[in-house]
Amino acid sequence: MSLRINDEAPNFTAETTQGTINFHDWIGDGWAILFSHPKDFTPVCTTELGYMAGLEPEFKKRHCKIIGLSVDPAASHSKWAVDIEETQGHRVNYPMIGDPQLNVAKLYDMLPADSGNTSEGRTAATNATVRTVFVVGPDKKIKLMLSYPMSTGRNFDEVLRVLDSIQLTAKHKVATPVNWKAGDDVIILPAVSDDEAKQKYPAGWRAPKPYLRIVPQPK
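Let us look at the structure shown here.

Cut-offs used in this document
- As a convention, each chain's residues are numbered from 1 in the sequence order in which they are written.
- Whole-chain, interface and lining totals are the exception, using all residues; otherwise, since this is a predicted model, local features are given only for residues with pLDDT of at least 70 and side-chain atom pairs are given and counted only at 80 or more.
- The basis for the side-chain values is all heavy atoms of the structure; hydrogens and waters are excluded.
- Numbering goes from the N terminus for both helices and strands, where a helix is a DSSP run of H or I of at least four residues and a strand is a run of E of at least two.
- Per-residue accessibility, obtained with a 1.4 Å probe over protein chains only, is compared with the maximum for each type, and a residue is labelled buried under 20%, exposed over 50%, and partly exposed between these values.
- By the convention used here, residues are in contact when the closest approach between their heavy atoms is within 4.5 Å.
- Calculation of accessible area relied on Shrake-Rupley with a 1.4 Å probe; when residues are assessed, cover is drawn exclusively from the protein chains displayed.
- Only four residue types enter the charge count: Lys and Arg as positive, Asp and Glu as negative, with His and the chain ends excluded.
- For this purpose, a charge sits on NZ of Lys, CZ of Arg, CG of Asp or CD of Glu.
- A 3.5 Å cut-off defines polar contacts: any pair of N or O atoms within that distance qualifies, except that in protein one atom must be a possible hydrogen donor and the other a possible acceptor, and neighbouring residues in sequence count only when both atoms are side-chain atoms.
- As a rule, the C-alpha atoms of each element are fitted with a line to give its axis, helices using only the stretch in contact, and angles between N-to-C directions run from 0 to 180 degrees.
- By the definition adopted for this analysis, an angle is roughly parallel if under 35 degrees, roughly antiparallel if over 145, roughly perpendicular if from 65 to 115, and oblique otherwise.
- With the far helix as reference, a near helix turned anticlockwise by less than a right angle produces a left-handed crossing, and one turned clockwise produces a right-handed crossing.
- Each residue is assigned to one class: nonpolar for Ala, Val, Leu, Ile, Met, Phe, Trp, Tyr, Cys and Pro, charged for Asp, Glu, Lys and Arg, and polar for all the others, Gly among them.
- Two strands qualify as a pair provided DSSP detects at least 2 bridges between them.
- Here a crossover is taken to be right-handed if, once the strands point away from the viewer, the path from the first strand over the helix to the second is traced clockwise.

### Here we look at the overall build of the protein
Link 1 in the chain: Along its length, the protein carries six helices and 11 strands.
Link 2 in the chain: The 219 residues of the protein split such that 46% are buried.
Link 3 in the chain: The long-range fraction of contacts in the protein, counting pairs at least 24 apart against all pairs at least 6 apart in sequence, stands at 64%.
Link 4 in the chain: For the protein, the exposed surface amounts to about 11,100 Å²; the carbon and sulfur share of it is 53%.
Link 5 in the chain: Placing the 25 positive and 26 negative side-chain charges of the protein at their respective mean positions leaves the two points 7 Å apart.

### Things to note about the side chain of Ser36
Link 1 in the chain: With respect to the helices and strands, the residue Ser36 is situated in strand β3 (residues 31-37).
Link 2 in the chain: The exposure class of Ser36 is buried, given its relative accessible area of 1%.
Link 3 in the chain: Here the side chain of Ser36 touches Arg131 through a polar contact of 3.4 Å, landing on its backbone nitrogen.
Link 4 in the chain: Leaving out residues up to four positions away in the same chain, Ser36 has contacts with Leu69, Met110, Val130, Arg131, Thr132 and Arg154.

### Details of unusual backbone geometry
Link 1 in the chain: Although it is not a glycine, Phe41 adopts a positive phi angle of roughly 60°.
Link 2 in the chain: Relative to the assigned elements, Phe41 resides in the loop between β3 and α2 (43-61).
Link 3 in the chain: Classification of Phe41 by relative accessible area gives partly exposed; the value is 45%.
Link 4 in the chain: Positive phi, normally seen in glycine, also occurs at Leu102, with a value near 65°.
Link 5 in the chain: When you line up the elements, Leu102 lands in the loop between β5 (96-98) and α4 (103-107).

### Thoughts on the packing of α2 against helix α5 (residues 156-171)
Link 1 in the chain: At a closest axis distance of 10 Å, the pairing of α2 and α5 adopts a crossing angle of 30°. Here α2 is positioned roughly parallel relative to α5, judged by the angle of their axes. Relative to α5, the crossing made by α2 is right-handed. Contacts between α2 and α5 pair Glu48, Tyr51, Met52, Leu55, Glu58 and Phe59 from the former with Phe156, Asp157, Val159, Leu160 and Leu163 from the latter.
Link 2 in the chain: For the contact of α2 with α5, a count of residues per class yields eight nonpolar, no polar and three charged.

### Re the pairing of β3
Link 1 in the chain: Counted residue by residue, β3 has seven buried out of seven residues, so it is predominantly covered.
Link 2 in the chain: Neither face of β3 is exposed, since Trp31, Ile33, Phe35 and His37 on one face and Ala32, Leu34 and Ser36 on the opposite face are all buried.
Link 3 in the chain: Two strands pair when backbone bridges link them, and β3 and strand β4 (residues 64-70) are joined in this way by seven bridges, in the parallel orientation. Following the sheet pairing, His37 is matched in β4 by Ser70.
Link 4 in the chain: Remark: the β3/α2/β4 crossover connection has right-handed handedness.
Link 5 in the chain: Pairing between β3 and strand β6 (residues 132-136): four bridges, direction antiparallel. Bridge pairing links Ala32 to Val136 in β6.

Below you can see the structure in the form of structure tokens.
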């Protein structure tokens, strides 16, 4: 099963460090970030989980939950969380999914179907493709997918920036330009006519080209 942006995020029930969850029910009416890891007690992932723990208040402000996944049992995750807090300075308060039978990794197309049905005997290298970030909207559809190699730590400030863009553009008929940050100017969508744009932006806009109409970010 190949996943694409705007596909429904596959639902699942799994054990986590905070009990059993049904993914769609857990998301509720807000946003969610699912980010995956190939193995517990791996160095790059330790830094990532700790950094996300520090960023969690920022995601909460945006009505967005965080959930991690690693291809090991949830009980192992709880032990790993101790190391994460000790070395990164942040307690992991979000749930971490145990995936010892590789069900979620396969469901989200991060491992091939013929990968077997146990994490036992598998190494981080054999699970190297379990390194994707998924942003899921309130409609349970995938809004973003980012996949990284094991040797490169992920940029979660970028994930936060993209979430700001996705949430803004979901409310207003705008797009965000290259390297946009919250508060920067935005672009009126091509599907919006000039007449419609005048109603929304009576002060007008800057247009280096007719198709490139730039306005301040809507409040």
